[in-house]
Amino acid sequence: MLRRTFLPTALSSALAVPALWGRHRIDLSRISLLTDEVGKSPAESIAFAKQYGIDWVELRGIPGKGGTYAFLGEPELRDFAKSLKEAKLRVSFLNTPMLKFSMPGTEPRRRRPETAEEKAKREERDKKQFDDRFVALNKAILAAHILGVKGIRVFAFSRVEEPESVLPKIAAVLQEMAKVAEKEGVELLIENEASCNVGTSAELKRICELVPSKAFGINWDPVNAIGLKETPWPDGYKLLPAKRVHNVQMKARALVIGPDFLDWKAIYHQLEQDGYAGKVGLETHVFDGTLIEKAHLCMKKIQELVKA
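Cut-offs and rules
Residues numbered from 1 in each chain as written. Predicted model: local features only at pLDDT ≥ 70, side-chain atom pairs only at ≥ 80, totals over all residues. Heavy atoms only, no water. Buried < 20%, exposed > 50% of the residue type's maximum accessible area, 1.4 Å probe, protein only. Helix = DSSP H or I, 4+ residues; strand = E, 2+ residues; numbered from the N terminus. Arc of directions from axis to C-beta. Contact = heavy atoms within 4.5 Å. UniProt positions renumbered as here; feature names shortened; annotations may be inferred. 1 Å grid on protein atoms, 1.4 Å probe; cavity = no way out; pocket = protein on both sides within 12 Å on 5 of 7 lines; lining within 4 Å. Points joined across faces, edges and corners; volume = space filled by probe spheres on them. Nonpolar A, V, L, I, M, F, W, Y, C, P; charged D, E, K, R; others polar. Core = buried A, V, L, I, M, F, W, Y, C linked by side-chain atoms within 4.5 Å.

## Some words on helix α8 (residues 232-239)
For α8, the full list of buried residues reads Pro232, Trp233, Gly236 and Tyr237. Along the axis of α8, the buried positions cluster into a sector of 100°, meaning they face one direction only. At its buried positions, α8 is contacted by α7 (201-210), β6 (216-220) and α10 (264-273).

## Topic: the UniProt feature "domain: Xylose isomerase-like TIM barrel" (unreviewed entry) in the protein chain
As recorded in UniProt, the feature "domain: Xylose isomerase-like TIM barrel" (unreviewed entry) lies at residues 46-293. Between the C-alpha atoms that bound residues 46-293 there is a distance of 16 Å. The span itself is 41% helix and 14% strand.

## Topic: empty space enclosed by the protein
Applying the stated rule across the entire model yields one cavity of 30 Å³ or more. Reported here for the largest cavity is a volume of approximately 40 Å³. Along the lines of polarity and charge, the residues of the lining of the largest cavity split into five nonpolar, no polar and one charged.

## As for the nonpolar core
Judged by nonpolar contacts, the single largest core of 87 residues is most densely connected at Leu94, Leu147, Ile207, Trp264 and Tyr268. Among the elements that make up this core, the one with the highest residue count is helix α6 (residues 167-183) (eight residues). In contact with Leu94, other than residues within four places in its own chain, are Leu59, Tyr69, Ala70, Ala140, Ala143, Ala144, Leu147, Val149, Gly151, Ile152 and Arg153.

Okay, here's the thing in structure tokens:
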């Protein structure tokens, strides 16, 4: 009797594992594209996505026009949202520059020498951005609602000599912003950026400990940590609170051109095992005039990686 009960149960459990894993498998349906890194205009970016059968895009700068989608006026946003819908594309992540400036009362490191006048102007500009942070947040939230996206990127202010010393103050700012995001049904995802106070996986872990909001998570870009002497894979990844990683970005230099090649097949596999449900966004990030060419090379590499 016990055996008859156990065998179906064991069989069901065995079958459930690959079924669960299959839901999280990273294939082309989980790949997204930063539109300003794959085309010189919105139309070109859409055409690029369609060429490779991609269903998702990340938005940041407006290709060929400048400015950022997060802060566009409502009529323009609605027109663009319509064009995406017609192309059967959805938005996986909204990249914004929020908090990518010096926090008032801190001194950023590695800046070129400034005159007293330049420093005064920078501090005035940074203070205004800080004071207007909720204006920027509300604009980004409106854009997210119009575009049908939940995740909104934020940063952790310009990096100081000892980031750990300012993380509690930064966390207080982020927690306050996350409260607004939660009420609006969106989430803030902090990107590790070498020029900011959260640049490594270790720092991502720490800021998540300090900001417990369920509307606050991680946009992990492993290449960004290399400049801070972290080995992002596998060492850095092991430090991350996996359940709070809601977006991942990859660059051409880690995929096809070097010098910072990463084992993306292994990364995909680990993300799948950890139940990662987000998208993986291609941020080509090449500045030698071959951006689009490298974007095509990246897509060919990604096609290889996602094959069964």
